[in-house]
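# Breakdown of the fold
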Amino acid sequence: MPNVAGFGALGFERAIVRLEAALREHLPAPHRRLTTEEVKAAYPSRSFERGWRIDMLCSDDVTRQIDLLVTRAFPAGYPRTALVNPPDMLTWPHVERDGILCLLPVLAEVDAEDPGQVGLNLIGRSARLIEELLVGDIVERDFREEFLTYWFYASDVRTKVTSLIDPVCPSRKIRVWRGEDMVVAGENEAQLNHWLVNRFGKRSGKKTFHTESAAFLWLPQPPLPSDYPQTGADLIALATSAGEVDAAILADVAGAHHKDVLVLIGAEGRGGAGLVAATTTAARKISSRDGHVEKPLTKGFTAAGMPPAIAAARVYSAARVLKSEVSRADAAWVHGRGKDPRTARLLAKQITVIGGGAIGSSVTARLVRAGVGTSHIVDPQDFDWPNIGRHELGASSVGKNKAFELAARFSQDFPHLAITGHNVGAQRLIDGYEDLLANSDLIIATTGSWDAEGALNRWHVVNGRKVPILYGWTEKHAAAGHAVLIEVKGGCLRCGMSPTGTPTFKASLWADGQNTVEEPSCGNHFTPYGAVELGHVVDVIAETALGALLDPPLASRHHIWLTGTARLEAEGAMWTDNVTLLGEDLAVGQKILSRDWPARECPACALAEDALIAAE
């Protein structure tokens, strides 16, 4: 059987022929092909190309009609079905305004090689759905379990409210900031200002972000469409259905500031908590016949003299409310859509990354995306053009301090997190920022400088290695990458290094002079590689960091990423005996090896003994 999927106009016509053949052969119900004019007239907002109308005798002895419809993307794009002459919108779940039935998930895949069976299957599903709707058992259940979808159909405004709140019981007062094209709700003023400053930057001078009181209403179960508030009175009635305390919270907010009130409404649907929003309109200014602008909410009172009860009664009056959707931007949703049990633990963690270069910036980016709550980035150097090809920063940051730029970039993209840059070197960090190091849950060093990392290691061992330190680096041409996690037990960094910081374990062996390139300036050597090759190295360091934060090992460990053996050999290098002695099959390469980091009586470890003697 030829594959007709995705073959353009010819494939489409072939699929149509096969679909019609399947209908004639296997569909017992009367049906006919719709004309192009009928399809366009019935579904003017859709891009359907062809359609068939099927008569379906239902269990209530009423013959209903279902349309089977395809777009030009058919058979790769699956068909849709529609109920002809549907009931009013939001009478039945899964039925859109023009009768289209919601049968498959948004990203559903169908067998494009068998378009006839796909069409018959959808007709069968449609018949079963309509019978279930006639029986009625699923109507209330599905309206409640998928209430976000049906609130969307009833919404009045396109702009969504951005929510930072934790969508859990109980009902409570919250805060809201209203921008020109954005509304953001937060648990309190501090959280909201932190988010806004990170997202948009500090206001000039003494200006601040103005926030107002709002309300969060938690319902014991999601509302049915018949419960959706149309007026302020409906909104307070919905709150009263949850409890007198819940209604009092809404009233307090209205009585406190004499303005329209944003109410976030939360409930537990299928798959977790959902949020929707309603905003009163009673306080909106209106123009009288003589052109004077009137304030209907405070009319007859001064702002200070208006009784709160009257303000609440006017806010929650017969004036319309505007329903809108809510976009969750709270940390639990951003990092795992509320289902990742690691999120809460990571949000409570603090890391310090020393070295904001190609490796450090990308490791930090991964950990920020994972949801680490507090990050400090330390680097005294400015960003330069040669960094761009393998760094998280770009041209707009050239000439600026890496640590500050990374902190600003990540803060803007993840405004719920706390990210700070420090324009200092490692030695000054050790001397002047000891609390920052001591309060970290993990220190990550990616400086590539033995001067810096040797000093950090000495500070580490003298202070009892209370905070784990992860050292990360790459070998020449990013052929191998190393992640060494130094814990309180096992070797320190120096145990596996020469006096000048050369690792005793190297993975790749290069011929003399093959491994570096020199710039036309004194002492500037480098090895060329790009972000693609470096990505694997970054991944092994970031994964080790995540493990150290969530499930740290008992002793120091060493993880090594090896590039493909074919790539290594093509560049004239080979694996060292260190690697082959680990007993791994290196025919292909592209693997991660792990081993204990060596422990020995190194000069740095002797410093720890000296420190103990001095303390006694």
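The notes below deal with the structure included here. It should be emphasised that the depicted structure is a prediction, and the values quoted were computed from it without experimental measurement.

The number of helices and strands found in the protein chain is 20 helices and 25 strands. Here the protein chain has a C-alpha radius of gyration of 32 Å; the compact-globule value for 616 residues is 25 Å, and the former is much larger. Expressed as lengths along the three principal axes of its C-alpha atoms, the size of the protein chain is roughly 90 × 80 × 45 Å. Looking at the protein chain alone, contacts between residues at least 24 apart form 65% of all its contacts between residues at least 6 apart.

Turning to the nonpolar core, a few remarks are in order. Counting 43 residues, the largest nonpolar core has Leu217, Leu235, Leu250, Val263, Ile265 and Tyr316 as the members making the most contacts within it. Residues Val424, Ile430, Trp459 and Cys605 belong to the second largest nonpolar core, which totals 28 residues.

Let us look at the layout of surface pockets. Roughly 650 Å³ of internal volume is contained in the second largest pocket. Lining the second largest pocket are 24 residues, and of these Leu148, Arg270, Ala273, Gly274 and Trp333 sit closest to its centre. Of all the elements in the fold, those that place two or more residues in the lining of the second largest pocket are α5 (147-154), β9 (262-269), β10 (272-280) and β13 (321-328). For the lining of the second largest pocket, the residue count by class is 9 nonpolar, 7 polar and 8 charged.

Let us look at the packing of helix α8 (residues 244-257) against helix α9 (residues 308-315). It is the contact of α8 with α9, at a shortest axis distance of 7 Å, that shows an interaxial angle of 110°. Viewed along their axes, α8 and α9 adopt a mutual orientation that is roughly perpendicular. Facing Ala251, Ala254 and Gly255 of α8, the residues of α9 in contact are Pro308, Ala311, Ala312 and Val315. Among the residues making up the contact of α8 with α9, the classes are represented as 6 nonpolar, 1 polar and no charged.

Cut-off values and rules
In every chain, residue numbers begin from 1 and rise along the written sequence. Note on the predicted model: pLDDT of at least 70 is required for a residue's local features to be given, and 80 or more for side-chain atom pairs to be given and counted; whole-chain, interface and lining totals, by contrast, use all residues. As a rule here, side-chain values come from all non-hydrogen atoms in the structure, and water together with hydrogens is ignored. Helix and strand definitions follow DSSP, with helices as H or I runs of at least four residues and strands as E runs of at least two, each counted in order from the N terminus. As a reference, a globule follows 2.2 Å times the number of residues to the power 0.38, and the radius of gyration itself is taken over C-alpha atoms. We call two residues in contact when some of their heavy atoms are within 4.5 Å. Only buried residues count toward a nonpolar core. Its members are Ala, Val, Leu, Ile, Met, Phe, Trp, Tyr and Cys residues joined through side-chain atoms within 4.5 Å. When a residue's accessible area, from a 1.4 Å probe over protein chains only, is under 20% of the maximum for its type it is buried; when over 50% it is exposed; and in between it is partly exposed. Grid spacing is 1 Å over the protein atoms alone, the probe is 1.4 Å, and a cavity is where that probe fits but cannot get out, while a pocket is an open set with protein on both sides within 12 Å along at least five of seven lines and lining residues have an atom within 4 Å of a point. Grid points are joined across faces, edges and corners, and a volume is the space filled by probe spheres set on the points. Under this grouping Gly is polar, as are all residues other than the nonpolar Ala, Val, Leu, Ile, Met, Phe, Trp, Tyr, Cys and Pro and the charged Asp, Glu, Lys and Arg. What counts as an axis is a line fitted to C-alpha atoms, over the stretch in contact for a helix, and the angles between N-to-C directions run from 0 to 180 degrees. What sets the label is the angle itself: under 35 degrees gives roughly parallel, over 145 gives roughly antiparallel, 65 to 115 gives roughly perpendicular, and the rest give oblique.

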